[in-house]
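Commentary on secondary and tertiary structure
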Amino acid sequence: MPELPEVETTLRGIAPSVVGRRVAAAVVRNPALRQPIPDLLPEILRGRKILGLSRRGKYLLMAFRHGHLLLHLGMSGSLQIVPVGTAPGRHDHLDIAVSGNILVRFNDPRRFGLALWVEGDPSAHPLLRNLGPEPLSDAFDGDYLYRRARGRAIPVKAFLMDGKVVVGVGNIYAAEALFMAGVSPLRAAGKISRARYGALADAARLVLALAIEQGGTTLRNFVGGDGKPGYFKQQLHVYGRGGEACTVCQSTLKNVVIGQRSSVYCASCQR
DNA sequence: ACGAAGCCCTGCAAGC
DNA sequence: TGCTTGCAGGGCTTCG
């Protein structure tokens, strides 16, 4: 499931092959994503030059002179460069062929993803304008989290996964960051000290940076833009390990549900 | 304003 | 073996 590191990995894998090239053709096979892919997308993109590829949270933005293609991988989506002429598979919903015989293919079995055309300033788009800061930017630190948590009663894990607070921290990395910082995922967000938020912000930053370095976490069959799997999974301490032994103190890791999400933590290391 | 719950969708694993 | 059931989950929407 793509979280920020996986989206970043995809961006880095795809960008060198597409930026500066022109769209030769776009093909929509199944427009029924979270929101429908616009009917006119192929016409909008044809012949246009891709000026850049960037990321905001888990959204990818393909920049053109007359607008942006806004992409989201949902929880099962992937973008890959495939050889031109490769037969499309069952969930290959969108192809973007660019000059130089390069094909970018969007695959998303669960169709929680998104491919929208945005005119004007993309940061003003309803899906982007309320997003919190990037976790790897200077705007994200312990003081920021502490300030935003004033008066909040929700469990800190749900707080950390709220895109209005900070973008890109999904279920995997929230669990890992909380473990690393020694903070219980169940603790009310408003009842955590400034110092502990400092540790938590550092942990989130570290775990995300590490995961990006490793090419993301491969779960199920995530692959980056270059088709290679990520290697971060081997370093997960708590995610997906409920019932197993804590890597630090050997206690049995607990499984709880927080905000509809399964959450694993060590009741002894995390307070 | 806040927080909890519901919804979208399909692959996979577990259970019968 | 082949069916059914339940779970996974990002992020928006709805409800209280």
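Scroll up to find the structure.
Residues numbered from 1 in each chain as written. Chains lettered and ligands numbered in written order. Predicted model: local features only at pLDDT ≥ 70, side-chain atom pairs only at ≥ 80, totals over all residues. Heavy atoms only, no water.

**Brief notes about unusual backbone geometry**
Definition in use: Helical segments are the DSSP runs of H or I of at least four residues, strand segments are the runs of E of at least two, and each set is numbered from the N terminus. Burial classes follow relative accessibility: with a 1.4 Å probe on protein chains only, a residue under 20% of its type's maximum area counts as buried, one over 50% as exposed, and anything between as partly exposed.
Residue Asn 101 is not a glycine yet carries a positive backbone phi of 60 degrees. Here Asn 101 lies in the loop between strand S6 (92-98) and strand S7 (102-107). On the basis of relative accessible area, Asn 101 is assigned to the exposed category, the value being 62%. In this structure, Gln 260 takes a positive phi of about 70 degrees despite not being glycine. Relative to the assigned elements, Gln 260 resides in the loop between strand S9 (254-258) and strand S10 (261-265).

**Focus on the sheet that holds strand S4 (residues 67-72)**
In plain terms, the rule: Strand pairing follows a simple DSSP-based rule, namely that at least 2 bridges must link the two strands. Between N-to-C directions, angles span 0 to 180 degrees; the directions come from axes that are lines fitted to C-alpha atoms, helices contributing only their stretch in contact. Two residues qualify as a contact provided that any one of their heavy atoms is within 4.5 Å of a heavy atom in the partner residue.
Here we have four strands laid out as an open sheet, ordered S2-S3-S4-S8, and antiparallel in their pairing. This sheet does not close on itself; its edge strands, each paired only once, are strand S2 (52-56) and strand S8 (114-118). Within the sheet, the average angular offset between the axes of one strand and its neighbour, ignoring direction, is 20 degrees. Pairing between strand S3 (residues 59-64) and S4: six bridges, direction antiparallel. Looking at the pairing, Leu 61 lines up with Leu 70 of S4. Running over the sheet, helix H1 (residues 4-18) touches S2 and S3 and is turned about 175 degrees from S2.

**Points about the pattern of salt bridges**
Formally: Salt bridge, as used here, is a side-chain nitrogen of Lys or Arg placed within 4 Å of a carboxyl oxygen of Asp or Glu.
For the structure shown, the criterion picks out ten salt bridges. A salt bridge links Glu 134 to Arg 56; its shortest N-O distance comes to 3.0 Å. Remark: Arg 56 occurs in strand S2 and Glu 134 occurs in the loop between S8 and helix H3 (142-149); sequence separation between them is 78 residues. We classify Glu 134 as buried; its relative accessible area is 16%. Take Arg 56: its relative accessible area is 22%, and that puts it in the partly exposed class. Residue Arg 241 is joined to Glu 244 by a salt bridge in which the shortest nitrogen-to-oxygen separation is 3.1 Å. The class for Arg 241 is buried, based on a relative accessible area of 16%. Under the relative-accessibility criterion, Glu 244 is labelled partly exposed at 38%.

**Things to note about the protein's contact with DNA strand C**
Under the convention used in this document: Whether a residue is near a molecule or strand depends on its heavy atoms: if one lies within 4 Å, it is near. Here a polar contact means two N or O atoms within 3.5 Å. Within protein one must be a hydrogen donor candidate and the other an acceptor candidate, and residues neighboring in sequence count only if both atoms are side-chain atoms. Charged residues are taken to be Asp, Glu, Lys and Arg, nonpolar residues to be Ala, Val, Leu, Ile, Met, Phe, Trp, Tyr, Cys and Pro, and polar residues to be all remaining types, Gly included.
Near DNA strand C there are 15 residues, and of these His 72, Met 75, Arg 110, Tyr 239 and Arg 261 occur at the shortest range. Considering the 4 Å shell around the protein, atoms of DNA strand C inside it are sugar or phosphate in 54% of instances. Between a base nitrogen of DNA strand C and a side-chain N or O atom of Arg 261, the distance comes to 2.2 Å. Ser 262 has a polar side-chain atom sitting 3.0 Å from a phosphate oxygen of DNA strand C. Residues that form the surface near DNA strand C fall into these classes: seven nonpolar, three polar and five charged.

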